[in-house]
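Now for the letters of each chain:
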Amino acid sequence: MLMSRSKLSAAIIGLAVPWLPVVPAMADYGLNLPPPVSPIGDEILSLHNLIMLICLIIFVVVFSFMFYSIYAHRKSKGHKAAQFSHSTRLEIVWSVIPFVILVGMAIPSTATLIRMEDTSQADVTVKITGYQWKWRYEYLDHGIAFNSNLSTPRDQIENRSAKGDNYLLEVDRPLVLPTDTKVRFLITANDVIHSWWVPELAVKKDGIPGFINEIWTLIKKPGIYRGQCTELCGKDHGFMPVVVDARSPEDFQAWLAANKQEAAADASAAMAEWSMDDLMAKGKEIYGACAACHGAQGEGVPNVFPPIAGSAVATGPVAQHLEVVMNGRDGTAMQAFKGQLSDTEIAAVVTYQRNSFGNSAGDAVQPADVKALR
Amino acid sequence: MATAEAAHHEEHHHPSGIMRWITTTNHKDIGTLYLSFSLMMFMVGGAMALVIRAELFQPGLQIVDPHFFNQMTTMHALVMIFGAIMPGFVGFANWMIPMMIGAPDMALPRLNNWSFWILPFAFTMLLGSLFAPGGGPASGWTLYAPLSIQGGMSVDMTILAVHMMGISSVLGAINIVVTVFNMRAPGMTLMKMPLFVWTWLITAYLLIAVMPVLAGAVTMLLTDRHFGTAFFDPAGGGDPVMFQHIFWFFGHPEVYVMILPAFGIISEIIPTFARKPLFGYASMVLAVAGIAFLSFIVWAHHMFTVGMPLIGELFFMYATMLIAVPTGVKVFNWVATMWRGSMTFETPMLFAISVVVLFTIGGLSGLMLAITPADFQYHDTYFVVAHFHYVLFSGAAMAMMGGAYYWLPKWTGHMYDEKLGKLHFWLTAIFFNITFFPQHFLGLAGMPRRIPDYALQFTEFNVMSSIGAFGLGFSQLLLVYVVVKCVRGGEKASAEVWDNPKGLEWTVPSPAPYHTFETPPQVR
Ligand SMILES: [Cu+2]
């Protein structure tokens, strides 16, 4: 009935051993939290290491007793069972000691938490909005806003071509931030709950529709930092990465200036009359934002996302089509795009939908038509 | 009681064949039904887990599309929690509580029949939702609004199924409370009850308190979906976070619903094989009660990232950390029970020891998760997935396996195959760790949970985890084989089965007769 004793103890100890490699020093190997680049990140990492060490020590101490007992107090060795069944003193001791350890953990945790929650006196404020399935960034003091989409090609995801180094962690436009500056994020969402996370900045906060959460960071080192959405937000939850491009304050100022010019150029383009070909070309590009649901060929997903090909809306009156795209449909995954796309972009994508995938409404929607509906 | 009457009882005209099982009010039959149902669901939920792990074996999308992947994570959790673990423990309660307290049956036998037979309907509804237009529920088992509001008809089917499961659980729990308070044999005072009975009594109260809360939450979802309310819709003045508060007010006690009976089983097994009384019985009872109380005031630690006020975060951090104290007491008491015993290591004991060790790993990672600032890094990553599988698989599920080996001889009258039992234990324990230990590293390195595809630096640990999962899954076929083999025959088990175990269940013959303790035993 019994296993050989060496086999048993070896195997049971084997279960505990995997804990041992979890030593703080191995952070570079992807076994621990990644090396942080913000002060709060540093604090959290040392808090994490401290607590993990305490847990490890408790684990080793408690189970040394148990494994010793398993080794020594066994029937096969002829050990006779003692019959004691309690010891009030011991029981008090091992309730009080953990309590004291917990207080010791709570003190530094409280201090860090208080600093984390202090979003006052920030120099730059960025509003982050989660959408199914992309992020939108708005620099509130500078009038710059753009969407940030996954840029990994479908071919890599579907294993038709080799995967790149930053597979699934790359975007078309990263969030550019200055280093050595206190940055405050205002995080919200448009449709469902998302969560914006960059491990190296130690920032994770939920974006909740109708509410605005605040959090801050201070990046100490220029570089590219990658993260992901961490709150299940539907089909492409795994495909909405976060990329932060941290630049020195001077480079950041230069970037701001360049982008303001671009925004002005866009505004004047919106005043112009667009040709059908230009609208279709631009629309095809913008349609990438719709393809996650409506399919690359406008085929949709049966019973979940309607097809655009042959859709009554996309082939019917243009006003109705614009209405759906601009204001979305409440209570469904079809979001209001008027806040995320410019007049030109909406005009282009609607034109594209009406004249692709076999649809042939034949009409071109102009930016001015969209503007009139705002 | 006159023997003639007892004999008459034996011959009660119960129908045979399938009708016996449908109409039965016998606690042992119903226990068997619950346990078989649980084993079946364990296999169904396990198959879903293997779909998940197969997809995650390599980066890229290979086997399923992301929408179906989400249905699998959602269903795996719902099936395992509501189909495998909870009914499994109710099965143990049905079989063992009357025998442990010297009662002839549960107090409300007809209700008992009902509680069980609701379940097959609930799960037909739940599993059937996978075939609804647009597929099954895909918003995670937590059904967070507004994502669940977007879902199709399957969400409504899930809501209905949850209502049915809730009714089943509450009825079962009421039955247990009534049984424990009214049916104890003379002399069986509360503080003489086996710890398993104590843990279930407290669990039953938790169920009665929180299942209606879940019912409320999903009903609000339903009315938001179809009847124009806006509880969780900010556009109508509602608040999506309120759903999370209500859900976790149910959800956290639910975690203890799934672990307290496991503590009870472990506390029965260890003394038997250490040949020594349970250490600190009174403090064990107190610890369970303490954990149950604390479980009501820690729910928001599941949602530290939603943006609570500082004071709220601090409160929930401190309260959560406190749970470590009674939990520690339990672990220390188990170790002290083994200390200077005369131990042998049959399969139930192997499971019990590994539950103590592995559950403690889950408990310690739980303590790490309680530290709010650090939780901002761990939250919704694979670190959490690892944590709750250490608690729920190597805590709850493995305790049930240990309990099954422990009482199988009593249930069937045959000894199970000890060699195969041990093999099953080692395969389970080893593959479990291969599956879930690497997930700690994945989480720390930055892999979010509930994603169907991942960045390349997470590949190695995912490969390992998937290999472990397939090993773990297929090892469970061995459990089914051992159980079936034991039911069909084997070495005859004595009444005591083990070496002088304590408890009334060992005073009746093996297999336990259809009716036991029709004359109450006298407890000294
Ligand atoms: Cu998201």
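Residues numbered from 1 in each chain as written. Chains lettered and ligands numbered in written order. Predicted model: local features only at pLDDT ≥ 70, side-chain atom pairs only at ≥ 80, totals over all residues. Heavy atoms only, no water.

Some details on the coordination of the copper ion
Residues and elements named next belong to chain A. Stated precisely, the cut-off is as follows: For Na, K and Ca the donor cutoff is 3.2 Å, while for all other metals N, O and S atoms must lie within 2.8 Å; water is not among the atoms, so some sites may look incomplete. A site with four donors is called tetrahedral when every donor-metal-donor angle falls between 85 and 135 degrees; four donors are called square planar, and six octahedral, when opposite donors sit more than 155 degrees apart and all other angles fall between 65 and 115; any other arrangement is irregular. The way it works is that DSSP assigns letters per residue, a run of H or I at least four long becomes a helix, a run of E at least two long becomes a strand, and they are numbered from the N terminus. Exposed residues in this analysis have more than 50% of their type's maximum accessible area, buried residues have under 20%, and partly exposed residues fall in between, with area computed by a 1.4 Å probe over protein chains only.
Those protein atoms acting as donors to the copper ion are His-194 (ND1), Cys-229 (SG), Cys-233 (SG) and Met-240 (SD), and they sit at 2.1 to 2.5 Å. The coordination sphere of the copper ion comprises 4 donor atoms, whose angles at the metal cover 93 to 129 degrees; the geometry is tetrahedral. Binding-site remark: the copper ion is held by donors from one chain whose sequence spacing is H-x34-C-x3-C-x6-M. Remark: Met-240 occurs in the loop between β9 (223-229) and β10 (241-247) and His-194 occurs in strand β6 (residues 194-198); sequence separation between them is 46 residues. Met-240 carries the same exposure label as His-194, and that label is buried.

Examining the interface of chain A and chain B
Under the convention used in this document: Here, residues are in contact when the closest pair of their heavy atoms is within 4.5 Å. Simply put, the buried area is the total loss of 1.4 Å probe accessible area from both parts when two parts are fitted together. Counted as salt bridges are all cases of a side-chain nitrogen of Lys or Arg within 4 Å of a carboxyl oxygen of Asp or Glu. Under the grouping applied here, Gly and all other residues not named as nonpolar or charged are polar, the nonpolar ones being Ala, Val, Leu, Ile, Met, Phe, Trp, Tyr, Cys and Pro and the charged ones Asp, Glu, Lys and Arg.
Contacts between the two partners involve 102 residues from chain A and, on the opposite side, 105 residues from chain B. Both faces combined, the contact of chain A with chain B buries some 9,000 Å², and carbon together with sulfur accounts for 72% of it. A salt bridge links Asp499(B) to Lys75(A); its shortest N-O distance comes to 3.5 Å. When contributions to the side of chain A that touches chain B are tallied by element, the ones reaching two or more residues are α1 (5-16), α2 (39-72), α3 (88-116), α4 (154-157), β7 (203-207) and β9 of chain A. Taken together, the residues that form the side of chain A that touches chain B break down as 58 nonpolar, 28 polar and 16 charged.

Description of the confidence of the model for chain A
As a reminder of what qualifies: Confidence of the predictor in every single residue is expressed as pLDDT, which spans 0 to 100.
Looking at chain A, the pLDDT average stands at 87 and 92% of residues meet or exceed 70. Across residues 1-29 of chain A the pLDDT falls below 50, and counting only partners more than four positions away or on other chains, this stretch makes 45 contacts in the model.

Here we look at the sheet that holds strand β4 (residues 175-178) of chain A
Residues and elements named next belong to chain A. Note the cut-off: Pairs of strands are assigned from DSSP output, requiring at least two bridges between the strands. Angular values range over 0 to 180 degrees, each being the angle between N-to-C directions of two axes fitted as lines to C-alpha atoms, with helices fitted over their stretch in contact.
Taken in spatial order, the 5 strands make up an open sheet running β4-β10-β9-β6-β7, and their pairing is mixed. Both outer strands of the open sheet, β4 and β7, are each paired with one neighbouring strand and no more. Across this sheet, the average inter-strand angle for adjacent strands is 25 degrees, counted without regard to direction. Sheet topology note: the β6/β9 ladder contains 2 bridges and is antiparallel. Bridging from a neighbouring strand, Trp-197 pairs with Gln-228 of β9. Along the sheet face, helix α5 (residues 249-271) touches β4 and β10 and points at about 135 degrees away from the line of β4.

Focus: empty space enclosed by the protein
All names here are of chain B. Here is the rule we go by: For cavity detection a 1 Å grid was placed over the protein atoms alone, and a set of points counts as a cavity when a 1.4 Å probe fits there but cannot get out; an open set counts as a pocket when protein lies on both sides within 12 Å along at least five of seven lines, with lining residues being those that have an atom within 4 Å of a point. Grid points are joined across faces, edges and corners, and a volume is the space filled by probe spheres set on the points.
Tallied over the entire structure, the rule returns 7 cavities of 30 Å³ or more. Lining the largest cavity are 13 residues, and of these Phe-82, Met-86, Pro-87, Val-90 and Ser-169 lie nearest its centre. Secondary-structure elements contributing two or more residues to the lining of the largest cavity are α4 (66-101), α7 (153-182) and α8 (195-226). For the lining of the largest cavity, the element with the most residues is α4, which contributes 5 residues. Split by residue class, the lining of the largest cavity holds 11 nonpolar, 2 polar and no charged.

As for the pattern of salt bridges
Residues and elements named next belong to chain A. Applying the stated criterion across every chain, the model contains 18 salt bridges over all chains. Ionic pairing is found between Lys-235 and Asp-236, a salt bridge with its closest N-O pair at 3.4 Å. With relative accessibility at 7%, the residue Asp-236 sits in the buried group. Asp-245 is the partner of Arg-247 in a salt bridge, and the nearest nitrogen-oxygen pair spans 2.9 Å. A relative accessible area of 11% means that Asp-245 is categorised as buried.

Overview of the environment of Met338(B)
Topologically, Met338(B) is positioned in helix α12 (residues 324-338). Among all residues touching Met338(B), those that are not within four sequence positions of it are Met66(A), Ser69(A), His73(A), Ile270(B), Ala274(B), Met343(B), Met349(B) and Ile353(B).

So, the pairing of β4(A)
One face of the sheet, then the other: side chains in a regular strand alternate in exactly this way. Residue and element names in this part refer to chain A. Burial of β4 is two-sided: the residues Leu-175 and Leu-177 facing one way and the residues Val-176 and Pro-178 facing the other way are all buried. Where β4 meets β10, 4 bridges bridge the pair, whose relative direction is parallel. Counted as the bridge partner of Pro-178 is Arg-247 from β10.

Topic: the packing of aromatic side chains
Residue and element names in this part refer to chain B. Put simply, the rule is: When the centres of two rings from Phe, Tyr and Trp lie within 6.5 Å, Trp using its six-membered ring, the rings pair. Their planes under 30 degrees apart give stacked, over 60 give edge-to-face, and anything left gives tilted.
On inspection of all chains with the given rule, the structure shows 60 aromatic pairs over all chains. With 6.2 Å between their ring centres and 50 degrees between their planes, Phe-231 and Phe-232 make a pair best called tilted. The class for Phe-231 is partly exposed, based on a relative accessible area of 33%. Overall, Phe-232 belongs to the buried group, its relative accessible area being 1%. Their ring planes at 25 degrees and their centres at 6.3 Å tell us that Phe-470 and Phe-474 sit as a pair that is stacked. You can see Phe-470 and its partner Phe-474 sitting in helix α17 (residues 459-488), 4 residues apart, about one turn around the helix. Relative accessible area serves as the criterion here: at 31%, Phe-470 is assigned to the partly exposed category.

Here we look at helix α16 (residues 418-445) of chain B
Residues and elements named next belong to chain B. Rule in force here: Here the expected span of a helix is defined as 1.5 Å times the quantity of residues minus one. What we call the bend at a residue is the angle made by axes fitted to the seven residues finishing there and the seven residues starting there. Polar contacts here mean pairs of N or O atoms no more than 3.5 Å apart (in protein, one a potential hydrogen donor and the other a potential acceptor; neighbouring residues in sequence count only if both atoms are side-chain atoms).
Helix length check: α16 (28 residues) gives 41 Å between terminal C-alpha atoms against 40 Å at 1.5 Å per residue, within 8%. The sharpest bend along α16 reaches about 25 degrees and sits at Ile-434, with the proline Pro-438 one to four residues further on. Most of α16 is tucked away: 21 of the 28 residues are buried. N-capping of α16 is provided by Asp-417, with a side-chain oxygen placed 3.1 Å from the backbone N of Lys-419.

Observations regarding the sheet that holds strand β8 (residues 213-218) of chain A
In a beta sheet, neighbouring strands pair by backbone hydrogen bonds and run either parallel or antiparallel. All names here are of chain A. Judged by pairing direction, the sheet is mixed, and its 5 strands sit side by side in the order β3-β2-β1-β5-β8 without closing on themselves. Whereas interior strands pair on both sides, the edge strands pair on one side only; in this sheet they are β3 (144-148) and β8. The sheet shows a mean angle of 25 degrees between the axes of neighbouring strands, direction not considered. Direction of pairing for strand β1 (residues 124-131) relative to strand β5 (residues 182-189): parallel, over a ladder of 7 bridges. Among the inter-strand pairings, Thr-125 is bridged to a residue of β5, identified as Arg-184.

Quick look at the nonpolar core
Short version of the rule: Nine residue types can take part in a nonpolar core, namely buried Ala, Val, Leu, Ile, Met, Phe, Trp, Tyr and Cys, and a core is a set of them joined through side-chain atoms within 4.5 Å. Those domain boundaries reflect an automatic or database domain assignment.
If you look at the biggest cluster of nonpolar residues, it comprises 226 residues, and the most contacted ones within it are Met66(A), Phe82(B) and Trp200(B). A total of 22 residues in this core trace back to one element, the largest contributor, which is α4(B). Mapped onto the domain boundaries, this core takes at least three residues apiece from domain 2 (39-76 + 86-116) and domain 3 (124-263) of chain A. What Phe82(B) contacts, discounting residues up to four positions off in sequence, is Pro87(B), Phe123(B), Trp141(B), Met165(B), Met211(B), Leu214(B), Phe250(B) and Glu254(B).

Thoughts on the packing of α8(B) against helix α9 (residues 240-274) of chain B
Residues and elements named next belong to chain B. The criterion, for reference: Angle categories: roughly parallel below 35 degrees, roughly antiparallel above 145, roughly perpendicular from 65 to 115, and oblique for all the rest. For any helix crossing, the convention is left-handed if the near helix is rotated counterclockwise from the far helix by under a right angle, and right-handed if that rotation is clockwise.
Contact geometry of α8 with α9 gives a least axis separation of 8 Å together with a crossing angle of 160 degrees. When the axis of α8 is compared with that of α9, the two are roughly antiparallel. Relative to α9, α8 is oriented so that their crossing is left-handed. Grouping the constituent residues of the contact of α8 with α9 by class yields 26 nonpolar, 4 polar and 2 charged.

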